[in-house]
Amino acid sequence: NAGVTQTPKFQVLKTGQSMTLQCAQDMNHEYMSWYRQDPGMGLRLIHYSVGAGITDQGEVPNGYNVSRSTTEDFPLRLLSAAPSQTSVYFCASSYSTAGAPGTGELFFGEGSRLTVL
Amino acid sequence: GQQVMQIPQYQHVQEGEDFTTYCNSSTTLSNIQWYKQRPGGHPVFLIQLVKSGEVKKQKRLTFQFGEAKKNSSLHITATQTTDVGTYFCAADLHGSGNTGKLIFGQGTTLQVKP
């Protein structure tokens, strides 16, 4: 059981380049989300999805696109990379429990460290 | 801006001392979760609190949820070097159910001197 798998682990881009961070989970979780982590800022939500075909914006969505065509995959696309997008990116998944008071625990991938020059 | 405020940002303690981090929100929370991230690692779930005034313990860790469900704390008794890391609270701010939108506090980074 691999859990949440992120690729690549490290990436260096030049300003203006585009790329996709891949995220896959094998736990059949309905919820998936992308966070970025910067020093002193904690984890900030970029985009999230409550199921295949459904996505929504988080706290810091600008410059990023997502899609959720399958339950397993939730790729994050950087359309035109900027130095401000240098960060560590975490993908997470969570199960849905009917009637639960709030979102369930998140299972995180190991992170993708992105540097934009 | 950050809707879940966590303090302090950093804490340095001598091994054996106690440690507490606090999490506050201006809105009533459905639940609150706590995570630990070791240096270079990814966040790992510790616990979830749901009920007003709830207190849960995990060995030396004590978690509390405020009566008004707007604040929470994590207290570590007699810290050890294995407690080093960043502790995050996280909450589902919108609605009273399962929205999938979990917002994190800024985290408290704990350093323990042996």
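Residues numbered from 1 in each chain as written. Chains lettered and ligands numbered in written order. Predicted model: local features only at pLDDT ≥ 70, side-chain atom pairs only at ≥ 80, totals over all residues. Heavy atoms only, no water.

Draft legend 1. Quick look at the interface of chain A and chain B. Taken residue by residue, the interface counts 27 residues in chain A and 26 residues in chain B. Run the count over chain A and chain B and you get 0 salt bridges. In this assembly, chain A and chain B are joined by 4 residue pairs in polar contact (both at pLDDT 80 or more). Elements represented by at least two residues in the side of chain A that touches chain B include exactly strand 4 (31-38) and strand 5 (42-51) of chain A. Top element by residues in the side of chain A that touches chain B is strand 5 of chain A. It accounts for 5 residues. Along the lines of polarity and charge, the residues of the side of chain A that touches chain B split into 13 nonpolar, 11 polar and 3 charged. (Contact = heavy atoms within 4.5 Å. Salt bridge = Lys/Arg side-chain N within 4 Å of Asp/Glu carboxyl O. Polar contact = N/O pair within 3.5 Å; in protein donor to acceptor, adjacent residues only side chain to side chain. Helix = DSSP H or I, 4+ residues; strand = E, 2+ residues; numbered from the N terminus. Nonpolar A, V, L, I, M, F, W, Y, C, P; charged D, E, K, R; others polar.)

Draft legend 2. Focus on the pairing of strand 6 (residues 54-57) of chain A. All names here are of chain A. Pairing of strand 5 with strand 6 involves 3 bridges; the strand directions are antiparallel. When the sheet's bridge partners are listed, Gly51 is paired in strand 6 with Ile54. Where strand 5 folds back on strand 6, the antiparallel hairpin that results is connected by 2 residues, among which Gly53 adopts a positive phi of roughly 85°. (Pairing = 2+ DSSP bridges.)

Draft legend 3. Representation of the sheet that holds strand 1 (residues 4-7) of chain B within the structure. All names here are of chain B. Judged by pairing direction, the sheet is antiparallel, and its 5 strands sit side by side in the order 1-3-8-7-6 without closing on themselves. With one partner strand each, in any of the chains shown, strand 1 and strand 6 (55-58) form the two edges of the open sheet. Pairwise comparison of adjacent strand axes, ignoring direction, gives a mean angle of 15° for this sheet. Relative to strand 8 (residues 71-76), strand 3 (residues 19-25) runs antiparallel, the two sharing 6 bridges. Following the sheet pairing, Phe19 is matched in strand 8 by Ile76. (Axes fitted to C-alpha atoms, helices over the stretch in contact; angles between N-to-C directions.)

Draft legend 4. Fine view of the packing of aromatic side chains. Counted by the stated rule, this structure contains 10 aromatic pairs over all chains. The interplanar angle of 50° and the centroid separation of 6.0 Å between the aromatic rings of A:Tyr35 and A:Phe108 together place this pair among those described as tilted. Of this pair, A:Tyr35 sits in strand 4 while A:Phe108 sits in strand 10 (residues 107-108), and the two are 73 residues apart along the sequence. With respect to burial, A:Tyr35 and A:Phe108 carry one shared label: buried. For the pair A:Phe108 and B:Tyr35, a centre-to-centre distance of 5.9 Å together with 90° between the ring planes defines the contact as edge-to-face. Placement of A:Phe108 in strand 10 and of B:Tyr35 in strand 4 (residues 32-37) is noted, with the two residues assigned to different chains. Of the aromatic side chains, those joined through ring pairs into one cluster are A:Tyr35, A:Phe90, A:Phe108, B:Tyr35, B:Phe45, B:Phe88 and B:Phe104. (Phe/Tyr/Trp six-rings, centres within 6.5 Å; stacked < 30°, edge-to-face > 60°. Buried < 20%, exposed > 50% of the residue type's maximum accessible area, 1.4 Å probe, protein only.)

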